[in-house]
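A look at the structure
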Amino acid sequence: MKNKIIENVTIIYHTYKNIKNMYEYNTDDTQFLVERVDQFEKQLKRYLDGDLDDAKFKSLRLRNGLYMELHAHMLRVAIPYGVMNSRQLRALADVADKYDRGFGHFTTRQNIQFNWIEVAEIANLLRELSSVGLHAIQTSGKAIRNITADPLSGLTEGEIADARPYCELIRRWFNLHPEFSWLPGKFKIAVNGAKLDETALRIHDLGLRLLRNDKGELGFSVYVGGGLGAVAVIGAETASFVPVEDILSYLESVMRVYNLKGRRDNIKRLRIKFLVKELGAAEFSRLVDEDWKHTKYDPELKLNLNHLVQLEKDFALPVKPLEISGFEEPVDFNYSIWRKNNVRAHKLSGYSIVNVSLTKLGSSPGDVTSKQMRILADLAGQYSSSYLRTTKRQSIVFPHVRKDQVFDLWQSLEEFSLASPHQGTLAQIVACPGNDYCELAKAASIPIATRVQQRFDDMDKVLDIGDLNINISGCENSCAHHHIADIGLLGMKKNNVEFYQVTVAGETLDETVIGKKLGRSISGDEVVDAIENIVNVYLENRDEEERFKEVFKRIGLKPFKERVYG
Amino acid sequence: MVEDIEMISVVNSKNESVQLVTVEKWLESIDSLSSIGAGVIVKPTDDVELLKDSLDKIAIIALDFNNFDDGRGYSHANLLSKRWKYQGEIIGVNAHIDQLQFMLRSGVTSYKLLDDYENIDDIDYSNGFSICYQAAANNSGLKEKF
């Protein structure tokens, strides 16, 4: 066994060294991944031999991203901070073909899931992934999950700092942490360094916002106890400024208070939001500060600033500013429509950020075929320095496209039906699988999304409406984040008929707001009419470029309510 | 789980049998229990902070890891060993092999496995990984086993 491990490391190391211009796992990281797979393989064998019971194995396999259902097993693989390169995406395509049915599913939290995994093959699958620096560690279970960052980290103007080096340092620290690996419930962390909050950090168990204090020093404000689900809560600020070098000790104190005092007796109240609510945010913060007092000055817990500097170099952009002279955008109607909704300014001159949505009418958002993965990997190699990113809206971003090559990229995307001008409009609906695919769901999601898309089939009107978020969750687990959408639908069942509770004007970008309930729930038959009515009230009241949330703030709930319930 | 205090005992690293009492019993009669060299068994639900002021009188502290998913014992081990510098032996009882690496790196100094693991080589599991990502309360790993 030992020899085998060493052989693997050697092979992995050499192939790994070939990646250029990207944060790479070093030999230690890779060795760790290999040992983790070996350990899991032993545990799996004991389980299959009957030497490890279901409950304990469940706890162990979830910490390796493996869900086991009666007929199909799902593996959740982390895409750290949403960043991947072409080689990694090709490796994911190979896994989809070899171990799944040629599909993968990008989630809202920078993971990819494979739904048809054979348990006997899991170790080999994980070994293949580890050879490109990917893994499934802590993507599930009552542990600190993969940390999410703004998918455009490092790319946009006005950023306080690129969040990814901090995410990576925090991930390392809480990777198989001896004290905090058996928590009361799952624990999700998001870190944002940009002006707008694409991460929705205040609906996470813990959210960190990078900021500078009066002296210009970098630190974090910390928000604890946010979450969606049946009880939507906005995280409370427990610290307004934690210096960067003290963040690990502060996070440990939060985790310790949660680990010791979090509810373990009621399966519906395991998350930290319930502890914060029961204690009150002030008392919770006091307990954290009380604990922190003992560790704040512990040199072992100070962030290693040398590592940070190294990571900043590793995460630096692979491109330099470019002067492109004499270039004009080609005149093409479809291109200009697509461009308006899918191309954003890059902070470096000469480059653009390009969004590619995988959402198709009637399909599950985020689903991607192995063929599409390879196309995207190739196109990223050709147009975006071999980089890609995944987003909360389950789309793919090409982060570094030369401005004079955006048109060529668009033509290639068109060729592969990946450039629908619907992208970035209300037709790009976020929906969970719903009761067509998920046992937990109470109502349909994707069929409603399809009907909305069919209702808004007039392209001029869709473009006029602009970017308006519609999110549809099939049950209170709120996988589609309906609480924070412009228009959110929550599916439920009354006397065996599907109904939807409608919420409006939720958001996270400028501030975090949970959507307001419009009124009584609406039957599946009438819900698309209701959405159209809401959109019409918005259009009738909109001043120029005003966004939905701005109109809502100005006119309030009443006009929407009156139109829908008449 | 043993309820009757008369029945609880554990073998320490010197191969001596030590009587264990619950946190509650310990606090009721610290001096007399200390004089007979008693140890304390701490369950996940116990408030370990209650022991803080009498730590130097406790012969051995046993942390109960029977409940696989209840991670409070790891914080107890950290507080006892690192924050309050408990000098005695911290034994993890009713331990699971898959969690040894977490226990030993949190500050547990020795362990007694549940009977379920009789036929499994625990050395293989207690050694954990060749690297770790954090300065743990106790990196010395396993030296003694029973």
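Residues numbered from 1 in each chain as written. Chains lettered and ligands numbered in written order. Predicted model: local features only at pLDDT ≥ 70, side-chain atom pairs only at ≥ 80, totals over all residues. Heavy atoms only, no water.

Considerations on the sheet that holds strand β14 (residues 387-390) of chain A
Residue and element names in this part refer to chain A. A sheet is described by the order of its strands in space; here five strands give the open sequence β3-β14-β15-β12-β11, paired in antiparallel fashion. Looking at strand neighbours, the two that pair on one side only are β3 (83-85) and β11 (343-345), the edges of this open sheet. Going across the sheet, the axis of each strand differs from the next one's by a mean of 30°, ignoring polarity. Where helix α4 (residues 86-99) meets the sheet, its contacts fall on β3 and β14, and the angle it forms with β3 comes to roughly 85°. (Pairing = 2+ DSSP bridges. Helix = DSSP H or I, 4+ residues; strand = E, 2+ residues; numbered from the N terminus. Axes fitted to C-alpha atoms, helices over the stretch in contact; angles between N-to-C directions. Contact = heavy atoms within 4.5 Å.)

So, helix α12 (residues 370-383) of chain A
All names here are of chain A. Spanning 14 residues, α12 covers 20 Å between terminal C-alpha atoms, matching the ideal 20 Å at 1.5 Å per step. Three or more residues of α12 are buried, namely S370, Q372, M373, I375, L376, A377, L379, A380 and Y383. Within two residues after α12, S385 carries a phi angle of roughly 50°, on the positive side. (Expected span 1.5 Å × (residues − 1). Buried < 20%, exposed > 50% of the residue type's maximum accessible area, 1.4 Å probe, protein only.)

Focus: the side chain of A:N341
Residues and elements named next belong to chain A. In this fold, N341 is placed in helix α11 (residues 333-342). Residue classification places N341 among the buried positions, given a relative accessible area of 18%. Discounting residues that sit within four places of it in the chain, N341 has contacts with P421, Q423, G424, T425 and L463.

What to know about the packing of helix α16 (residues 527-541) of chain A against helix α17 (residues 548-555) of chain A
A pair of packed helices is characterised by two quantities: the angle between their axes and the separation of those axes. All names here are of chain A. Viewed as axis vectors pointing N to C, α16 and α17 meet at an angle of 80°, and their least axial separation amounts to 10 Å. Relative to α17, the element α16 lies roughly perpendicular. Across the interface between the two elements, I534, V537, Y538 and N541 of α16 pack against F548, V551, R554 and I555 of α17. (Parallel < 35°, antiparallel > 145°, perpendicular 65-115°, else oblique.)

Let's talk about the pattern of salt bridges
Summed over the entire model, instances satisfying the criterion amount to 43 salt bridges over all chains. Between A:R46 and B:D98 there is a salt bridge; the shortest N-O distance is 2.8 Å. Of this pair, A:R46 sits in helix α2 (residues 27-48) while B:D98 sits in the loop between β5 (89-95) and α4 (100-106), on two different chains. Residue A:R46 is classed as buried on the basis of its relative accessible area, which comes to 7%. Assessed through its relative accessible area of 2%, B:D98 is described here as buried. (Salt bridge = Lys/Arg side-chain N within 4 Å of Asp/Glu carboxyl O.)

Re the packing of aromatic side chains
Scanning all chains against the criterion turns up 19 aromatic pairs over all chains. Here B:F65 and B:Y74 contribute two aromatic rings whose centre-to-centre distance is 5.0 Å and whose plane-to-plane angle is 55°, an arrangement assigned as tilted. Taken individually, B:F65 and B:Y74 each receive the classification buried, so the pair is uniform in this respect. Ring-pair connections join several aromatic residues into one group, and the members of that group are A:Y335, A:W338, A:F407 and A:W410. Positioned over the ring face of A:W116 is A:R101, at 3.5 Å from the centre of the ring. (Phe/Tyr/Trp six-rings, centres within 6.5 Å; stacked < 30°, edge-to-face > 60°. Lys NZ or Arg CZ within 6 Å of the ring centre and 35° of its normal.)

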